[in-house]
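In case you want the letters, here they are:
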Amino acid sequence: MKKFNIRKVLDGLKEVSSSTPSVQVGPQENHLFHETLQSDHFQLCKTVRHGFPYQPSSMAFDPVQKILAIGTQSGALRLFGRPGVECYCQHESGSAVIQLQFLINEGALVSALADDSVHLWNLRQKRPAILHSLKFNRERITFCHLPFQSKWLYIGTERGNVHIVNVESFMLSGYVIMWNKAIELSSKAHPGPVVHISDNPMDEGKLIIGFESGIVVLWDLKSKKAEYRYAHDEAIHSVAWHHEGKQFICSHSDGTLTTWNVRGQGRPIQTITPHGKQPKDGKKPEPCKPILKVEYKTTRNGEPFIIFSGGLSYDTVGRRPCLTVMHGKSTAVLEMDYPIVDFLTLCETPYPNDFQEPYAVVVLLEKDLVVIDLAQNGYPIFENPYPLTIHESPVTCCEYFADCPVDLIPALYSVGSRQKRQGYSKKEWPVSGGNWGQGTLSYPEIIITGHADGTVKFWDASAIMLQVLYKLKTAKVFDRNRSKEDKGSTEVSDEDPFAIQIMAWCPESRMLCVAGVSANVIVYRFSKLEVTTEVVQLLEVRMLSELNETDSPDGGGEPTSAHHTPGASPHTSGPPSQPSTSSNNSDGGNMPCLKVRSTPLKQSAGYQVDLVIQLVWVSGEPPQQISSLALNSTYGLVVFGNSNGVAVVDYIQKTVVLNLGTVELYGSNDPYQRQPRSPRKSRQPSGAKMSRKLSLPTELKPDLDHRDNSFSRSRSSSVTSIDKESREAISLFYFCETFARKGDSTLTPCLYVGTSLGTVLVLVLTLPPAGEQRQLQPVIISPVGMLVRLKGSVLRMALLDSSGSLLPPSFDPWFEPNVTTDGEEKVPKRRPVSVSPSTSQDLSESQYAVVCSEKQAKVVSLPSQTCIYKHNITETSFILRADVVQMTQGVCLACFCANGHIKTLSLPGLRPLLDVNYLPLTDMRIARTFCFTNLGQAMYLCSPTEIQRITYSQETCENLQEMLGELFTPVETPEAPNRGFFKGLFGGGAQSLDREELFGEIAAGKASRSLAQHIPGTGGIEGMKGAASGVVGDLARARIALDERGQKLGELDERTVAMMTSADSFSKHAHEVR
């Protein structure tokens, strides 16, 4: 076998095949097909991203539109409205989003990034885009504040200065609050970065600025000087106002909260350490961990809420992160599963100068989003309707099914709804903005994810939404030795013995089969009834690959395998009903990797265990991981293979039908001259350890280095000493009804076996008649030789009929496996063994076998077994995933290559239809989870917590705009609070400020051009024209006017303006020098 190394893999990512691969047609036959698929049927685009935002860093909420925004460390932006309305955007720089600020009810969002850039996003279009950007050159951004209904954004910097930006034009004002003017002139020490800015709720002309060192300044914008200064010994992390504007609270690095009167100089009126132990002698409480954020929210008819994160005592080792809610005399400490990134209190009013009336707290954690109901006793959490639990346990494999049977999603939802937890808040989910898309392209779609803890999740993926339907815990069938579960990991570890490696699912019969990393296969049936299984059915299988050790050195061992001829008894390792976990061999060398539970198993409605198959240790050697898996409900067979060979199990009779080494499948026609392995002494199982690391989906693996050890090749202690040609692994199975031998005239049930060396072998299945005979007579399987050979490991096979249409494998419809309430057992209504329309065809009409490997694809005519089409798909790279998919207009072969190219080829002609350089293989997670499905859909895990869905269908791309939800909906802004007669008469109400007069160019002049660079965005004027027709379009109209005016300026005008600005600046500096 050709060995790959990481350098060649990386080369393959960068290179595209230098020579265009050509389609070669076999000369023997002239097959003419009218292929309906053309290249203009294909177009590649991203559709939607689901899941929890990976590595979140910031959050914002629009209280009028009721939209939530989350920014991440990689510059991603995720926007959430009502369940089913969500959107993904990306900042080009990829820098972390440090802060987000909505222009409340304006359909716009400001993002501040760690690279000191600020961006204005237009949310009034289905795919938000950036309208303006501003890149600071000389100062680092630390904090932003945008007052409600203001167009002036305050930006605090690391140097302690505050700059002001007009959000309409995204130009800097000449008005700057310098740190040395803000602090006392007598103080020589720098106050540190700006950590907080906010205006007094009752007086827009007064701005509070918090510096990290502990100094807080109340700045009078009109007089351009500090009105009050408040100094504290401890560093400040955040500041929060009382809505009346007379008091504010600061949170500090020693776990204290200080409350200050605005007009009170010197000391705070109150200092508390909420989680500090109070000493009896009246001394200061012991310092605690920093309080990272505090919010102060008032209620009209009760005590205010003080909510903060952090502040726990240092002696609470091992305690989980907490959010503390102080309300009157009660203090509630709410423990979280993960560290808190940020939190926001949701209030009834957007006006900061009114009673806030908080009703919920949104808590953004490192790996979860929690919303707490403040209005209900005990502070219950809301049930999260978003699909944010993809990563609850790390995803190890995925399958994607489009155009499923229509009754499938309701059936899964029905059993899944019984699994829901209780105790949630009874209120509606508070993030309820936006509207669903109106797309007409909707068909049932299901995504299945396998996880490291052995769970399998079924998701409804119809209409570009995602909702969990049902969750299956496969680990329940085993005895669990581990008591602790590591919630903190998002990567698969060697300590995940229940991790799912491969899944095989038949949507029509609802049969499910999963293979785990511990060399076990579990067969499940779907039932709507609960049942208690007294004894879990267990089969143990020994798979050996020693070519010269047909008789095992073990005293009680059986032959490794035997060719099954008609009449041969099925090979099994014990009575089917025996729930044994080790066989009766005298040397004790046979044992499974996991122990199947021996106690009765209560199985809820849904997927229920029908059979557990385990590969056992043999002669002190652990079993090799399972590399391929398939099932067929018509035949009642499950087949699995690894680098040792293939085993076929009859799950109806619970017996092993076939157990052959890979070499024995060839018989005397083995094309490889393999050297037998040297005899080896038997070892005890304790001397070796089974590797449980996930392997790549293909068996011709690149020899990846230690960069991603979770994908390293599964190795036992003996693998390295074996001649590599003798370790030909089974890479694929395909059940079909076809012409088994060259020249056959009748269709026969067959099993195609693909190997890692590119060979496709044929096994003929002889099945007993349906009914009672099927329960009693054995299934006979006979190898009949090789069908075709290709370069590289075999990835995908399919059959086409004589017209080039796809022939799906046969299946049985679903039936209820358990006894019904009236005591009668439902008998399965069996379909004919073949669903092929070719059953009655004579020899002149043929089938076509499509085989795709890591390098090429071939189409073989049957029964003549002539290769009629051949196409070398890639020369410099290799294919990671290939699927034969049904499009609206016909059938095609879809491939994803390691160099990032997505390709589609026509069938059966193998004409290239699409070739897009889409996604370099930056992470092996992509290789493990990428899958295509029917109707032009595909998906992969783009991060440990997120699924990215794409389409390669022109039809879906054209309809995507309609299918996407709308984030912005026209909503009236609530009325401002009534000032009241006496407040209006004697003053004391909210004081407004003409910020334009203060910050505009006439009064403040122009900012230094070298301070920040303005970058026009790609948001588009068309999107903003739509925005202007909204209820609150004043800002939008102003933005349009500015943009259109800017577009009409020629280069000459721009140069003139630049020169005049430069001259003004020079003149001003010259006067200052004098």
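These figures come from a predicted structure and were not determined experimentally. (Residues numbered from 1 in each chain as written. Predicted model: local features only at pLDDT ≥ 70, side-chain atom pairs only at ≥ 80, totals over all residues. Heavy atoms only, no water.)

**Student:** What is the right way to read the pattern of salt bridges from this model?
**Tutor:** A side chain of one charge can pair with a side chain of the opposite charge when the charged atoms of the two come close. Inspection of every chain in the model, using the stated rule, returns 29 salt bridges. One salt bridge connects Glu946 with Arg49, and the closest N-O pair in it is separated by 4.0 Å. One end of the pair, Glu946, is in strand S63 (residues 946-953); the other, Arg49, is in strand S3 (residues 42-51), with 897 residues separating them in the sequence. Here the two residues Glu946 and Arg49 agree in accessibility, since each one is buried. Residue Arg881 is joined to Glu399 by a salt bridge in which the shortest nitrogen-to-oxygen separation is 3.4 Å. In this pair, Arg881 is assigned in strand S57 (residues 879-886) and Glu399 in strand S31 (residues 395-402), connecting sequence segments 482 residues apart. By sharing partners, the salt bridges in this structure join Arg49, Arg78, Glu86 and Glu946 into a single network. (Salt bridge = Lys/Arg side-chain N within 4 Å of Asp/Glu carboxyl O. Helix = DSSP H or I, 4+ residues; strand = E, 2+ residues; numbered from the N terminus. Buried < 20%, exposed > 50% of the residue type's maximum accessible area, 1.4 Å probe, protein only.)

**Student:** How do you make sense of the environment of Ser213 when you look at a structure like this?
**Tutor:** Assignment of secondary structure puts Ser213 in the loop between strand S17 (203-211) and strand S18 (215-220). In this structure, the C-alpha to C-alpha distance between Ser213 and Ala231, residues 18 residues apart in sequence, is 8.8 Å. Residue contacts for Ser213: discarding those within four places in its chain leaves Pro191, His232, Asp233, Glu234 and Ala235. A polar contact of 2.7 Å, which involves the side chain of Ser213, links it to the backbone oxygen of Pro191. (Contact = heavy atoms within 4.5 Å. Polar contact = N/O pair within 3.5 Å; in protein donor to acceptor, adjacent residues only side chain to side chain.)

**Student:** Please clarify how the packing of aromatic side chains should be interpreted in this entry.
**Tutor:** Geometry of an aromatic ring pair is reported as the spacing of the ring centres plus the angle between the planes. Within this structure, the stated rule accounts for 23 aromatic pairs. Summarising the aromatic geometry, the rings of Tyr230 and Trp260 are spaced 5.8 Å apart at their centres and angled 65° between planes, so their arrangement reads as edge-to-face. Linking Tyr230 in strand S19 (residues 225-231) with Trp260 in strand S22 (residues 257-261), this pair joins segments that are 30 residues apart in sequence. Each member of the pair, Tyr230 together with Trp260, is buried. (Phe/Tyr/Trp six-rings, centres within 6.5 Å; stacked < 30°, edge-to-face > 60°.)

**Student:** Could you clarify how one ought to interpret the environment of Lys791 in this entry?
**Tutor:** Its location among the elements puts Lys791 in the loop between strand S51 (780-789) and strand S52 (794-800). Beyond its immediate chain neighbours, meaning those up to four positions away, Lys791 contacts Ser853, Glu854, Lys855, Gln856 and Asn872.

**Student:** What should I look at first to understand the sheet that holds strand S62 (residues 937-943) in this one?
**Tutor:** Pairing is antiparallel across the open sheet formed by 4 strands, whose spatial order is S3-S63-S62-S61. Both edges of this open sheet fall to S3 and strand S61 (931-933), since each of them pairs with a single strand only. When strand polarity is set aside, the average angle formed by the axes of neighbouring strands in this sheet is 25°. Where S62 meets S63, 6 bridges bridge the pair, whose relative direction is antiparallel. Opposite Ser943, over in S63, you have Glu946 as the bridge partner. Along the sheet, helix H7 (residues 954-963) makes contact with S3, S62 and S63, crossing S3 at roughly 55°. (Pairing = 2+ DSSP bridges. Axes fitted to C-alpha atoms, helices over the stretch in contact; angles between N-to-C directions.)

**Student:** Looking at this model, I keep getting lost on the sheet that holds strand S44 (residues 637-641). Mind explaining?
**Tutor:** Within a sheet, neighbouring strands are paired by backbone hydrogen bonds and run either parallel or antiparallel to one another. Taking strand neighbours across the sheet as the criterion, the 4 strands line up as S43-S44-S45-S46 in an open arrangement whose pairing is antiparallel. Strand pairing shows two members of the sheet lacking a second neighbour, strand S43 (628-632) and strand S46 (655-661), which therefore form its edges. In this sheet, adjacent strand axes meet at a mean angle of 10° when their direction is disregarded.

**Student:** Looking at this structure, how should I read H7?
**Tutor:** It helps to recall that an α-helix has 3.6 residues per turn; residues three or four apart then point in one direction. Listing the buried residues of H7 in full gives Gln954, Thr956, Cys957, Asn959, Leu960 and Met963. Contacts from the buried residues of H7 go to S3, S62 and S63. Sitting at the amino-terminal end of H7 is Ser953, which places a side-chain oxygen 3.2 Å from the backbone nitrogen of Glu955.

**Student:** Could you clarify how one ought to interpret helix H3 (residues 408-416) in this entry?
**Tutor:** Taken as a whole, H3 has its buried residues at Leu408, Ile409, Ala411, Leu412, Val415 and Gly416. What you see down the axis of H3 is that its buried residues fit within an arc of 160°, all on one side. Contact partners of the buried residues in H3: strand S32 (445-451), strand S33 (455-460), strand S34 (467-473), strand S35 (500-506), strand S37 (520-527) and strand S42 (606-617). (Arc of directions from axis to C-beta.)

**Student:** Whenever I open this one, the nonpolar core confuses me. Can you help?
**Tutor:** Soluble, globular proteins show a tendency: their nonpolar side chains are buried together. Counting residues in each nonpolar core, the largest one holds 42 residues, and the members touching the most others are Tyr752, Leu787 and Leu893. It is S52 that contributes the most residues to this core, 6 residues altogether. In contact with Tyr752, not counting residues within four places along its chain, are Leu732, Phe733, Tyr734, Cys736, Thr738, Val760, Leu761, Val762, Leu787, Met797, Ala849 and Leu862. Residues Leu408, Ala411, Ala475 and Trp505 belong to the second largest nonpolar core, which totals 36 residues. (Core = buried A, V, L, I, M, F, W, Y, C linked by side-chain atoms within 4.5 Å.)

**Student:** Looking at this structure, I do not really get the pairing of strand S60 (residues 912-917). What am I missing?
**Tutor:** Strand residues, when the strand is regular, have side chains that alternate between the two faces of the sheet. In terms of strand pairing, strand S59 (residues 901-906) meets S60 through 5 bridges, oriented antiparallel. Paired with His901 across the strands is Asn917, a residue of S60. Between S59 and S60, which pair antiparallel and follow one another directly, the connecting turn spans 5 residues, one of which, Leu910, has a positive phi of 60°.

**Student:** Even after reading the chapter, I still don't get the pairing of S33, so can you show me in this structure?
**Tutor:** Buried residues dominate S33, accounting for 6 of its 6 residues. Across 5 bridges, the pairing between S32 and S33 is antiparallel. Residue pairing for S33: Ile447 is matched across the bridge by Trp459. Linking S32 back to S33 in an antiparallel pair, the connection comprises 3 residues, with Gly454 at a positive phi of about 90°. In terms of strand pairing, S33 meets S34 through 6 bridges, oriented antiparallel. Each bridged residue has a counterpart across the sheet, and for Thr455 the counterpart in S34 is Lys473.

**Student:** Hey, could you run me through the side chain of Thr256 in this one?
**Tutor:** Mapped onto the elements, Thr256 comes out in the loop between strand S21 (247-252) and S22. Overall, the relative accessible area of 6% leaves Thr256 in the buried class. A distance of 2.6 Å separates polar atoms of two side chains, one belonging to Thr256 and the other to Asp254. In this structure Thr256 touches His232, Cys250, Ser251, Thr271, Ile272, Thr273 and Ile291, once residues within four positions along its chain are discounted.

Keep in mind these numbers describe shape, not what the thing actually does.
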